[in-house]
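# Coordinate analysis (summary)
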Amino acid sequence: MPQFTPAQVGLAQAGDEAALACVLAHMMPMIRSSAAGCIGPGMELEDAVQEGIIGLFRALESYDVCRDASFETYAGACIQHAQQAAKRAAGRKKHLPLNTSVPLEESTPAPGPEEQAIEQERYNSWKARMAARLSPLERQVLGLYLQGLSYAAIGVQLGRTTKSVENALGRARAKLRRNLP
């Protein structure tokens, strides 16, 4: 890509795509640095960069070589104005619901009968393995705990101390963690 020269501004204004690409590449660091200051609710970095590029195109359309300002100065002002205007527009009250909303997660399709059968088979197999690995006390304590009973209530129902219920539940949890699918 050729180096940027003021003559390329005139070529880009005339429609030369190579000159336009050179001007864009030359101004892109300024567009990005200006865009970083425009990030806010409703305005992400990529949006601000796009607004800056639009500002650059407007600067190319309206720049007059006969004026005293250099193209970089004029384009820089146009880019910043475009980005600031977009930031103000994105922050208006009418956009508040859009800016504060939570995106919906993409819904996953419901599993078909085959997937449900396979998942049920895996669950039953895991449940059988856990039943074989847990002691009768651990199974009882875990079942009552999953029903929402407290350690003390489980101890009263099983005729055990609260500490033995706590220990049995701790052992059951450790075994379940080690054997998760």
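See the structure shown above.
Residue positions within a chain follow its written sequence, with the count starting from 1. In keeping with the model being predicted, local features are shown solely for residues with a pLDDT of at least 70 and side-chain atom pairs are shown and tallied solely at 80 or more, while totals for entire chains, interfaces and linings include all residues. The side-chain quantities take in all heavy atoms of the structure and omit both hydrogens and water.

### Quick look at the overall build of the protein chain
Under the DSSP-based scheme used, a helix requires at least four consecutive residues in state H or I and a strand at least two consecutive residues in state E, with every element numbered from the N terminus. Helix and strand content of the protein chain: nine helices and zero strands. In the protein chain, the order of α-helices and β-strands from amino to carboxyl end is α-α-α-α-α-α-α-α-α. Both definitions apply: the radius of gyration is a C-alpha atom measure, and the globule rule equals 2.2 Å times residues to the power 0.38. Taking 181 residues into account, the globule formula puts the C-alpha radius of gyration at 16 Å, and the protein chain, at 33 Å, lies well above it. Relative accessibility decides the category of a residue: with a 1.4 Å probe and only protein chains considered, values under 20% of the type maximum give buried, values over 50% give exposed, and everything between is partly exposed. Sorting the 181 residues of the protein chain into buried and exposed places 26% on the buried side. Only four residue types enter the tally: Lys and Arg on the positive side, Asp and Glu on the negative side; His and the chain ends are excluded. Where a charge lies is defined by one atom per residue type, namely NZ (Lys), CZ (Arg), CG (Asp) and CD (Glu). Of the charged side chains in the protein chain, 20 are positive and 18 negative, and the gap between their average positions amounts to 20 Å.

### Regarding the nonpolar core
Buried Ala, Val, Leu, Ile, Met, Phe, Trp, Tyr and Cys residues that are joined via side-chain atoms within 4.5 Å together make up what is termed a nonpolar core. Counting residues in each nonpolar core, the largest one holds 24 residues, and the members touching the most others are Val23, Met27, Ile31, Leu56 and Phe71. Those elements giving two or more residues to this core turn out to be helix H1 (6-13), helix H2 (17-36), helix H3 (45-62) and helix H4 (71-90). Every residue pair with non-hydrogen atoms within 4.5 Å of one another is taken to be in contact. Excluding residues within four positions of it along the chain, Val23 makes contact with Phe4, Gln8, Val9, Ala12, Leu56, Leu60 and Phe71. One finds Leu137, Ile154, Ala168 and Leu169 within the second-largest nonpolar core, a separate group that totals 13 residues.

### Re H2
Helix span is expected to be 1.5 Å times the residue number reduced by one. Over its 20 residues, H2 runs 27 Å from end to end, which matches the ideal 28 Å to within 8%, given 1.5 Å per residue. Two axes enter the bend calculation: one fitted to the seven residues ending at the residue in question, the other to the seven starting there, and the bend is the angle between them. In the structure, H2 departs most strongly from a straight axis at Met27, where the bend amounts to approximately 45 degrees and where the proline Pro29 lies between one and four residues downstream. Among the residues of H2, those classed as buried are Ala19, Cys22, Val23, Met27, Ile31, Ser34 and Ala35. Of the surrounding elements, those touching the buried residues of H2 are H1, H3 and H4. For the purposes of these results, a polar contact is taken to be a pair of N or O atoms within 3.5 Å, where, inside protein, one atom must be able to donate a hydrogen and its partner to accept one; residues adjacent in sequence count only when each atom of the pair is a side-chain atom. The backbone nitrogen of Ala18 has a side-chain oxygen 3.1 Å away, supplied by the residue at the start of H2, namely Asp16.

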